[in-house]
Amino acid sequence: MGRIGNIGRNGRVDAKKVKLCILLAGCAFLLLAVLKTEYKERDLSQWNDAYLGADEAIQMLTFSGYEKSEWEELLDMKQDRELKFVDVKKILEHLGATEYVTYQKEGDAKAIDRKTWYDIYDQLLELLDTNQKVSCTPCLILKKDSKEQQVQTQDGSYSYLVPDDFLEETKGYLCYLYENTIIGLKREKGLEVVLPNVYFEGVSQQKASVLFGGQTYEFPLEEAGEDLSGTVCDMHFKDGEIFKIDRKQETITGNLLTVDEQKIEIDGYGPLKRAKVLPVYKTYGTIEQKDVSDIVIGNMNVTYVVAGDEVCAILLNQPANLSNIRVLLLDGDGTVYRDGVWITCDGEYQVVYGENTAVYGGGTLFDTASCLTEAGDGYVRIDAVNGNEMYLADASGSRISYGYEGGFEVRRYAEGFVVINDVPIENYLYQVVTSEMPANYQPEALKAQAVCARSYAYRQLLQSEYAQYGAHVDDSTNYQVYNRQEHTDIARTVVDDTCGEVMTCGGEIIEAFYFSTSCGMTQDDCVWNNVIADDYPFLKVTRVSADQTPLALSDEAAFYQYITGIDDSCFDVSSHFFRWSTTAKLTDERMEQARQVLAVRKEIKPENILLYDSSGNPTDTVSGLGKLLSMQIKARGNGGAVLDLVLTYENGTAEVLSEYNIRKVLGCLVDDVHLLDGTTQKMAILPSACFTFSYDETTGTYTIYGGGYGHGVGMSQNGAEGMAELGYSYKDILNFFFKNIEIEPKG
């Protein structure tokens, strides 16, 4: 009985244990079910601090050169899932990096944590990314475009491959960047990212409004502590919030003289280092961000924000005062640099170098090398004391130029000396008008030339393509020929009679192109392979005649008939370039010269020289084309100019676009040019692109028939002369050649 009782008592105890075990087993099962459900439902498109998806890791391997599909096949991915240790093992084996990358290995099926993956990834970059194409960079997300998968950051715009929800605006991340794309990122608590050199517009309703990168952004900000409106600041962000604002307080003011990628030269301060990204803020009128190229060299008193030893931002507080133009005076061979610069003057002149000033007597020779002993020595400024003209001279003192008004600035570079003539615009025009048009032309034609030249000059002031040298234009046909003729009273008269007048279209000063002689028609900007017609709404194909009957000169037969005859109604029919002819033979020497021109022009503007191999595939080189076999006109404009010339070679073709390229290439192939007055001229460039040709198979000779001289766009100077002889006024002439314009004083 007692044994049975003991058994019964023990049995009750075992039952409790069994119930407890069942309860624990149930809990464990429930926990496993929950974990399993969590794993199934984990959304890898959402950021997880602990783990990452295999697809995320694959995107980070973009730099390896393998396609995404190759990685998906290697990792046996049917859909995105967590990255596991077995995946890492396969990745390292595929990249041949197994023995070079160290990490704490765990079970193949276990998901790998982010920290371990980042450590592995950084080792892979050090091992395989030898050209450092991948960088890990702090990025502040200013704006996100989910549709285009692009973000704006403090360093510019990037596309992204990471899941869209990984990136939040105003948050900072450590981003892995490859070819301007975010391929991966890290989130680090407390990461500080700086938004540099913003223009602080103000605070309203606890939001700071700032201008940066051409966009206005608003950020939550309870208070700034001081009124920062109208200042340039660095804004520090941490964990999505502004935690510090540094105001840039040091500024200097002065005219911008020169600017390049490394430095900026300010009148009175000399060269200063500049920020790589240099924002320019226009603070008058509508506040907006501009570009350094919008600063008018030498004509705009602006404020420079300085931090440390560099200019970090520029404030444009008022419009430019467009009074002077700065002309780069090319050397005799057309180059920018000179071996030396000597100055002389009939009367006294002043030399300023740094803080030193000296006055030289009339006839005294000044050698700029006496101050500029080596490159980077700043500049020398030379001005006549009583408005006398100054001259460039050689080392012996003999004058090598006509007289210059205004002042000289001379700088020394490693390549040599550069001379700038800083001169009032109207004085500049005195020496342009009769350098570009004969002084014995009709006054009304010369007045038209003056307005064209003034309009063109003002446009160039706003572009400053020679900003690195401190100039707006040079003195050659690249812009307008300047000071290449004896000074004349008529030039001053016509400039003064039109003082300040420019042509405008839609309220903007036009780029008033002009050229020597038409073929009877002007051209539009299609001759430059310009496909944006709205750029020049004032340029239209125009018949240069009182007879405005339309001519369909894009047709080859119609153009041939027109160009081989004489249109007596044309205003410039008396010009000896109105009609011309020449011949071309494809000799080895000439073909080689043409190939060299093709190579040079291809490098300057690739889209205007299209090269194809014998299979019709595009190529970038002229080598291997072989012998030139034939030429063909592929397209002609409405004004008659050739737009597209095809050269057929033994091993390919060259398609030549743009009037200058076409003229330059054919200039290598032609003999002397026979003009309408019976004279001949040797020319390195075909007179115009208004031509046609025939081919004689017996002699292997092309006979070229053409008309006009120059690009053919805008005003024909000889056409203007013909109109003036018939009694047209300069305003009549300008309105004839330029459409939809107003002639008005420059404000």
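A. Structural context of the overall build of the protein chain. Within the protein chain, the regular secondary structure consists of 13 helices and 42 strands. With the principal axes as the frame, the protein chain shows a C-alpha extent of 150 × 70 × 50 Å. In the protein chain, which comprises 747 residues, the proportion classed as buried is 48%. Counted over contacts in the protein chain with a minimum sequence separation of 6, partners at least 24 positions apart contribute 63%.

B. Just the sheet that holds strand 22 (residues 366-367), in detail. Pairing is antiparallel across the open sheet formed by 3 strands, whose spatial order is 22-19-24. Since the sheet does not close on itself, it has two edges, and those belong to strand 22 and strand 24 (390-393), each with one partner. Note: strand 19 (residues 342-345) against strand 22, 2 bridges, orientation antiparallel. Of the residues in strand 22, the one forming a bridge with Ile343 is Phe366.

C. The arrangement of helix 10 (residues 588-604) in detail. Given a rise of 1.5 Å per residue, 17 residues ought to cover 24 Å, and the 25 Å separating the end C-alpha atoms of helix 10 matches this to within 8%. Inspection of helix 10 places Arg590, Met591, Ala594, Arg595, Val597, Leu598 and Lys602 among the buried residues, and these make up the whole buried set. Down the axis of helix 10, the smallest arc covering the buried residues is 165°, so these residues share one side. Facing away from the buried side of helix 10 by more than 90 degrees, the exposed set consists of Glu589, Glu603 and Ile604.

D. Highlighting the environment of Tyr482. Note that Tyr482 resides in the loop between strand 27 (473-474) and helix 8 (489-497). The spacing of Tyr482 and Lys273 is 209 residues in sequence and 33 Å in space, taken between C-alpha atoms. Each residue touching Tyr482, except ones within four places of it in the same chain, is listed here: Val327, Leu329, Tyr404, Asn421, Val423, Tyr428, Gln431, Val432, Ser435 and Asp475.

E. Just the pattern of salt bridges, in detail. Taken as a whole and judged by the stated rule, the model has 37 salt bridges. Salt-bridge contacts for Asp108 lead to Lys89; the nearest nitrogen and oxygen are separated by 3.3 Å. Taken as a pair, Asp108 in the loop between helix 4 (85-94) and helix 5 (114-128) and Lys89 in helix 4 lie far apart in primary sequence, 19 residues in all. On the basis of relative accessibility, which here comes to 37%, the residue Asp108 falls in the partly exposed class. Where salt bridges share partners, they join Glu265, Arg326, Arg381, Asp383, Glu409, Arg411 and Asp422 into one cluster.

F. Quick look at the environment of Lys585. With respect to the helices and strands, Lys585 occurs in strand 31 (residues 580-585). Between the C-alpha atoms of Lys585 and Tyr158, which are 427 residues apart in sequence, the distance is 54 Å.

G. A look at a nonpolar patch on the surface. On the surface, Tyr100, Leu127 and Leu128 cluster together into a nonpolar patch covering about 270 Å² of accessible area. Relative to the helices and strands, Leu127 is located in helix 5. Judged by relative accessible area, which is 34%, Leu127 ranks as partly exposed.

H. Focus on the pairing of strand 26 (residues 416-424). Among the 9 residues that make up strand 26, 8 are buried, leaving the element largely enclosed by the rest of the structure. Inspection of the sheet shows strand 18 (residues 324-328) paired to strand 26 by 5 bridges, in the antiparallel sense. Residue pairing across strands places Val327 opposite Asn421, the latter belonging to strand 26. Inspection of the sheet shows strand 25 (residues 407-413) paired to strand 26 by 7 bridges, in the antiparallel sense. Bridge pairing in strand 26 places Val410 opposite Val419. In this antiparallel pair of consecutive strands, strand 25 and strand 26, the connection spans 2 residues.

I. A look at the packing of aromatic side chains. On inspection of all chains with the given rule, the structure shows 32 aromatic pairs. Relative to Phe219, the ring of Tyr217 lies with its centre 6.3 Å away and its plane at 20°, an arrangement referred to as stacked. The exposure class assigned to Tyr217 is buried, which follows from its relative accessible area of 8%. Arranged with centres 4.6 Å apart and planes meeting at 40°, the rings of Tyr695 and Tyr702 form a pair that is tilted. Classification of Tyr695 as partly exposed rests on a relative accessible area of 44%. Taking relative accessible area as the criterion, Tyr702 reaches 3% and is therefore assigned buried. Put simply, the rings of Phe63, Trp117, Tyr118, Tyr121 and Tyr176 touch in pairs and so form one group of aromatic residues. When the ring centre of Tyr103 is taken as reference, the NZ or CZ atom of Lys105 above it lies at 4.7 Å. In this arrangement the basic side chain of Arg399 is found over the ring face of Tyr391, its NZ or CZ atom lying 3.8 Å from the centre.

Reading the values: the criteria
- Residues numbered from 1 in each chain as written.
- Predicted model: local features only at pLDDT ≥ 70, side-chain atom pairs only at ≥ 80, totals over all residues.
- Heavy atoms only, no water.
- Helix = DSSP H or I, 4+ residues; strand = E, 2+ residues; numbered from the N terminus.
- Buried < 20%, exposed > 50% of the residue type's maximum accessible area, 1.4 Å probe, protein only.
- Contact = heavy atoms within 4.5 Å.
- Pairing = 2+ DSSP bridges.
- Expected span 1.5 Å × (residues − 1).
- Arc of directions from axis to C-beta.
- Salt bridge = Lys/Arg side-chain N within 4 Å of Asp/Glu carboxyl O.
- Patch = residues over 30% accessible without salt bridge, like charges linked within 9 Å, V, L, I, M, F, W, Y side chains within 5 Å.
- Areas by Shrake-Rupley, 256 points an atom, 1.4 Å probe, with all protein chains shown as cover.
- Phe/Tyr/Trp six-rings, centres within 6.5 Å; stacked < 30°, edge-to-face > 60°.
- Lys NZ or Arg CZ within 6 Å of the ring centre and 35° of its normal.

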